[in-house]
Amino acid sequence: MVETFVQSTDDVVEFLRGQHNLIKDMFDDVVYASGSKAREQAFVELRQLLAVHETAEEMVVHPRARQDIDGGDQIVDVRLQEEHDAKEQLSALEKMDIDSKEFLDGVILLKTMVIDHAEREESEEFNRLQRDLSAGDLKRMVTAVQAAQAIAPTRPHPGVETATRNFAVGPFASMLDRARDFISAALR
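Below you will find a few notes about this structure. Given the structure is predicted, the values throughout are model-derived calculations rather than measurements. (Residues numbered from 1 in each chain as written. Predicted model: local features only at pLDDT ≥ 70, side-chain atom pairs only at ≥ 80, totals over all residues. Heavy atoms only, no water.)

### Some details on the nonpolar core
Move 1: Membership of the largest hydrophobic core comes to 21 residues, with the highest contact counts inside it found for Val-12, Leu-16, Val-60, Val-61, Leu-129, Met-141 and Val-145.
Move 2: Elements supplying a minimum of two residues to this core: helix H1 (12-31), helix H2 (36-68), helix H3 (72-94), helix H4 (101-132) and helix H5 (135-151).
Move 3: Setting aside residues up to four positions removed in sequence, Val-145 forms contacts with Val-12, Phe-15, Leu-16, Ala-56, Val-60 and Val-61. (Core = buried A, V, L, I, M, F, W, Y, C linked by side-chain atoms within 4.5 Å. Buried < 20%, exposed > 50% of the residue type's maximum accessible area, 1.4 Å probe, protein only. Helix = DSSP H or I, 4+ residues; strand = E, 2+ residues; numbered from the N terminus. Contact = heavy atoms within 4.5 Å.)

This is the structure in structure tokens:
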């Protein structure tokens, strides 16, 4: 399983920004991999981090943004649609030949989608949460995000973009995903 904790921090916004930066770097690891095995490993690690990262945001950050940011419902609804679209693209990539031009083109498209999403999330959601919430709230949210990531699915599940759906479906999807990951790794 890919390491999801990029740094120790007492601020959920800084923690998630750190993961955004790691994700950007991981896209380059996939695109510029030296061979099939390296590309496959880099893609698996990227897929896992994207899945757990988005799940944690959907379970912890977006509900808080809905509650505490003026216009939060509208902001979060747009972010959730972006996350759904990215999950669809990531799911499509899982079915492609990792050495194909179609795969690389798809990864580059996904990178653009994810970076655009992260930038909007940081400016429209994270900055406002950091400004409006107490240091204690931001610290508690780090703990909640880390807990959500520890039990999150490791593969994309389009259609599961809300906290309610993640709590209902997530534990079962996570068990299956982690078993699939373990078996796949054992067979490599």
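### Some points on the environment of Arg-128
Move 1: Structurally, Arg-128 can be placed in helix H4.
Move 2: Counting along the chain gives 60 residues from Arg-128 to Asp-68, while the straight-line C-alpha distance between them is 8.9 Å.
Move 3: Among all residues touching Arg-128, those that are not within four sequence positions of it are Ile-69, Asp-70 and Ile-75.

### Side note on the packing of H2 against H4
Move 1: Orientation of H2 relative to H4, taken along the N-to-C sense of each, is 30 degrees, at an axis distance of 11 Å. By the criterion of interaxial angle, the relationship of H2 to H4 is roughly parallel. In this structure, H2 crosses over H4, and the sense of that crossing is left-handed. Contacts between H2 and H4 involve Arg-39, Phe-43, Leu-50, Glu-54, Glu-57, Val-61, His-62, Arg-64, Ala-65 and Asp-68 on the former and, on the latter, Phe-103, Leu-104, Leu-110, Val-114, His-117, Glu-121, Glu-125, Phe-126, Leu-129 and Asp-132. (Axes fitted to C-alpha atoms, helices over the stretch in contact; angles between N-to-C directions. Parallel < 35°, antiparallel > 145°, perpendicular 65-115°, else oblique. Left-handed = near helix turned anticlockwise from the far one by under 90°.)

### A short note on the pattern of salt bridges
Move 1: Throughout the structure, instances matching the rule amount to 16 salt bridges.
Move 2: Linking Glu-122 and Arg-17 is a salt bridge whose minimum nitrogen-to-oxygen distance equals 3.9 Å. Of this pair, Glu-122 sits in helix H4 while Arg-17 is found in helix H1, placing the two residues 105 residues apart along the sequence. You'll find Glu-122 and Arg-17 in the same group, each marked buried.
Move 3: Across the pair Lys-87 and Glu-58 runs a salt bridge, and its minimum N-O distance is 3.1 Å. Of this pair, Lys-87 sits in helix H3 while Glu-58 sits in helix H2, and the two are 29 residues apart along the sequence. Across the pair, exposure class does not vary: Lys-87 and Glu-58 are buried alike.
Move 4: Three or more residues joined by partner-sharing salt bridges are found here, namely Arg-64, Asp-68, Asp-137 and Arg-140. (Salt bridge = Lys/Arg side-chain N within 4 Å of Asp/Glu carboxyl O.)

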